[in-house]
Amino acid sequence: MNPATLPPLVPALPELMLALGAMALLMFGVFRGPRFVHVISGLAIALLLLAAVMVVYLPGGTLTTFGGSFVVDDFARFMKVLALVGSAAAIALSTDYFDSLREQRFEYPILIVLSTIGMMMLISAADLIALYLGLETMSLVLYVLAAIHRTSVRSSEAGLKYFVLGALSSGMLLYGASLVYGFTGTVSFSGIARATAEQTSMGLLFGLVFLFAGFCFKVSAVPFHMWTPDVYEGAPTPVTAFFASAPKVAGIAMFIRGAIDAFPDIAPQWQQIVGFVAIASMLLGSFAAIGQRNFKRLMAYSSIGHMGFALIGLAAGTEEGVRGVLIYTAIYVAMTLGTFAVILSMRRKVGYVEDIGDLSGLARTHPALAFFLAVLLFSLAGIPPLAGFFAKFYVFLAAIKAGLYALAVIGVLASVVAAYYYLAIVKIMYFDEAGEGFEPMSAELKVVLGLAGLINLLFFVYPSPLLETATSAARSLF
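Source: prediction; values computed, not measured.

Participant: I keep staring at the pattern of salt bridges and nothing clicks. Help me out?
Facilitator: If charged atoms from side chains of opposite charge come close, those side chains can pair. For the structure shown, the criterion picks out 16 salt bridges. Between Asp230 and Arg297 there is a salt bridge; the shortest N-O distance is 3.1 Å. With Asp230 in helix α9 (residues 228–234) and Arg297 in helix α13 (residues 295–316), this pair connects stretches of sequence that are 67 residues apart. Assessed through its relative accessible area of 28%, Asp230 is described here as partly exposed. Look at Arg297 and you get buried, because its relative accessible area is 18%.

If you want it as structure tokens, here you go:
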């Protein structure tokens with residue numbers, strides 16, 4: 001069917017289906033109570049995966065609706081499927097955790113579905129108003145999720161910190177958006193691009209800086225990373241796993257589309273900002289994680305560093321650079337979800353443990369678990385031939401082709417530093433004295449860990465599906 005003859009709501013069908021499904025699940029949960037939390041979780045996962053299938057089977061080409069403020073192209077399809085799969089995996093990781101705490105929260109999977117609707121809106125946003133609506137729909141749910149463990153002081157503190165700093169970042173983003181609108185006279189990305197092609201004022205550049213400051217907060221890039229370690233450590237572990245995966249996909253998509261679609265003719269100006277942010281994030285993520293003993297806190301600094309590596313591709317400002325970011329994001333989501341599956345399996349009779357020292361001698365007590373965690377850690381460190389190596393290879397290659405040699409060299413050096421703390425965990429698992437073993441893993445954790453481990457281990461055997469899809473997605477923006 002010709003995109004021009006489609007009914008107006010067809011491009012947004014997956015979002016509408018998720019919204020109606022979330023309302024139905026909420027009613028089901030209210031009337032049936034916490035006893036049916038596993039049924040609601042299963043239905044929520046099915047909804048998210050069905051939405052991913054719908055995204056894939058939407059008519060081809062570029063579709064728009066809502067007056068051009070909502071766009072579905074190959075880039076949006078790629079990022080939406082990634083966000084939906086990440087959200088479904090995050091729900092799967094949570095079931096055993098809330099069972100063990102005897103805190104059945106039927107709202108939890110429904111909140112994730114609602115947040116995912118915001119992510120999908122954000123990924124498809126083609127103007128500043130749609131972008132802000134998607135961002136707040138996603139973020140408001142994240143604040144609630146951080147504090148969902150109501151009897152925990154740490155969880156409540158994490159939610160409050162995230163909310164206060166998130167409100168500050170939203171204010172900065174809105175201020176930047178208002179300046180951009182004031183100096184261009186339009187909120188649509190295509191209109192802003194036309195206006196900036198004609199002339200660029202100092203006020204517009206100020207707006208750009210504030211806009212990018214809001215973007216940096218959402219992907220936890222330096223210097224707006226301050227919330228990440230405390231929120232990752234304080235929030236319930238399945239919530240942290242969710243924060244580290246799907247919302248990062250939406251944040252990166254917002255960053256890419258905002259830069260490439262709205263400001264293509266002033267790329268040299270925003271490339272400087274993105275390059276600085278990438279360098280600062282890589283260095284802070286690499287050095288600050290070295291002294292961490294809490295595994296979740298270490299993963300927070302790791303995520304800051306990985307966002308820095310991903311932004312190298314955007315700093316290149318080319319189609320190849322965007323392709324590198326997309327490949328990096330997909331592999332990062334797999335690595336992160338697998339690692340959090342291991343963190344969620346660190347449970348003893350006394351409850352969950354998070355200290356890296358608790359992994360001591362894991363290779364002797366749980367050899368399969370130690371093997372898969374080692375694979376994921378080597379991949380996070382970027383060691384060939386694992387998927388993490390190729391993720392970094394493609395962004396570094398794009399930077400070199402764009403002439404950003406210093407950025408690529410700093411990235412390689414930061415990778416070497418980061419390898420230290422990943423390999424230190426492998427050393428603890430394989431060479432330290434064995435400690436007390438963990439409780440048996442649930443089936444859901446085994447599935448997520450197994451899939452993530454195999455993707456990272458065998459990616460080099462058949463990388464073409466991801467490479468071709470990412471190439472097509474990047475091309476749709478240029």
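Participant: Just to check I follow, could you spell out the packing of aromatic side chains for this structure?
Facilitator: For any pair of aromatic rings, the description consists of the separation of the ring centres together with the inter-plane angle of the planes. Enumeration over the complete set of coordinates arrives at 22 aromatic pairs. Relative to Trp227, the ring of Phe217 has its centre 5.5 Å away and its plane inclined at 35°; by these criteria the two rings are tilted. Linking Phe217 in helix α8 (residues 202–218) with Trp227 in the loop between α8 and α9, this pair joins segments that are 10 residues apart in sequence. Classification of Phe217 by relative accessible area gives buried; the value is 2%. On the basis of relative accessible area, Trp227 is assigned to the buried category, the value being 3%.

Participant: It is not clear to me how unusual backbone geometry should be interpreted in this structure. Could you clarify?
Facilitator: For residues other than glycine, phi is negative in most cases, and the peptide bonds are mostly trans. Here the amide bond leading from Val222 into Pro223 is cis, since omega sits at 5°, within 30 degrees of zero. Mapped onto the elements, Pro223 comes out in the loop between α8 and α9. Pro385 follows Pro384 through a cis peptide bond whose omega is 5°. Relative to the helices and strands, Pro385 is located in the loop between α16 (367–381) and α17 (387–401). Positive phi, normally seen in glycine, also occurs at Phe66, with a value near 55°. Inspection of the secondary structure puts Phe66 in the loop between β1 (63–65) and β2 (70–72). In this structure Phe66 comes out as partly exposed when scored by relative accessible area, which is 46%.

Participant: What is the right way to read a nonpolar patch on the surface from this model?
Facilitator: On the surface, a nonpolar cluster with roughly 530 Å² of combined accessible area is contributed by Leu454, Leu458, Phe460, Val461 and Tyr462. Considering the arrangement of structural elements, one finds Val461 in the loop between α19 (443–458) and α20 (464–475). By relative accessible area, which is 55% here, Val461 ends up exposed.

Participant: Whenever I open this one, the environment of Asp261 confuses me. Can you help?
Facilitator: With respect to the helices, strands and loops of the structure, Asp261 is situated in helix α11 (residues 246–262). Between the alpha carbons of Asp261 and Ser188 there is a distance of 9.6 Å; along the sequence they are 73 residues apart. Those residues in contact with Asp261, other than ones at most four positions away along the chain, are Phe189, Ala193, Ile256 and Leu477.

Participant: What should I look at first to understand the packing of α8 against α11 in this one?
Facilitator: In a pair of packed helices, the angle between the axes and the distance between the axes together describe the arrangement. With their axes 9 Å apart at the nearest point, α8 and α11 run at an angle of 160° to one another. Classified by the interaxial angle, the pair formed by α8 and α11 is roughly antiparallel. The two elements α8 and α11 meet at a crossing, and its hand is left-handed. Counting all contacts with α8, which are made through Phe212, Phe215, Cys216 and Lys218, the residues of α11 involved are Met254, Phe255, Gly258 and Ala259.

Participant: I'm lost on the side chain of Thr116 in this one. Help?
Facilitator: Looking at the secondary structure, you find Thr116 in helix α4 (residues 107–124). Setting aside residues up to four positions removed in sequence, Thr116 forms contacts with Leu48, Leu84 and Ser87.

Participant: Looking at this model, I keep getting lost on α8. Mind explaining?
Facilitator: Structurally, the α-helix is built with 3.6 residues per turn, so residues lying three or four positions apart point the same way. For α8, with 17 residues, the first-to-last C-alpha span of 25 Å sits near the 24 Å given by 1.5 Å per residue. By the criterion of burial, α8 is predominantly enclosed, with 12 of the 17 residues buried. Within the sequence span of α8, burial applies to Gly203, Leu204, Gly207, Leu208, Leu211, Phe212, Ala213, Gly214, Phe215, Cys216, Phe217 and Lys218. Where α8 is buried, its residues contact α5 (128–146), α6 (153–184), α7 (189–198), α11 and α12 (267–288). Downstream of α8 by one or two residues, Ser220 has phi in the positive range, about 50°.

Definitions and limits used
Residues numbered from 1 in each chain as written. Predicted model: local features only at pLDDT ≥ 70, side-chain atom pairs only at ≥ 80, totals over all residues. Heavy atoms only, no water. Salt bridge = Lys/Arg side-chain N within 4 Å of Asp/Glu carboxyl O. Helix = DSSP H or I, 4+ residues; strand = E, 2+ residues; numbered from the N terminus. Buried < 20%, exposed > 50% of the residue type's maximum accessible area, 1.4 Å probe, protein only. Phe/Tyr/Trp six-rings, centres within 6.5 Å; stacked < 30°, edge-to-face > 60°. Patch = residues over 30% accessible without salt bridge, like charges linked within 9 Å, V, L, I, M, F, W, Y side chains within 5 Å. Areas by Shrake-Rupley, 256 points an atom, 1.4 Å probe, with all protein chains shown as cover. Contact = heavy atoms within 4.5 Å. Axes fitted to C-alpha atoms, helices over the stretch in contact; angles between N-to-C directions. Parallel < 35°, antiparallel > 145°, perpendicular 65-115°, else oblique. Left-handed = near helix turned anticlockwise from the far one by under 90°. Expected span 1.5 Å × (residues − 1).

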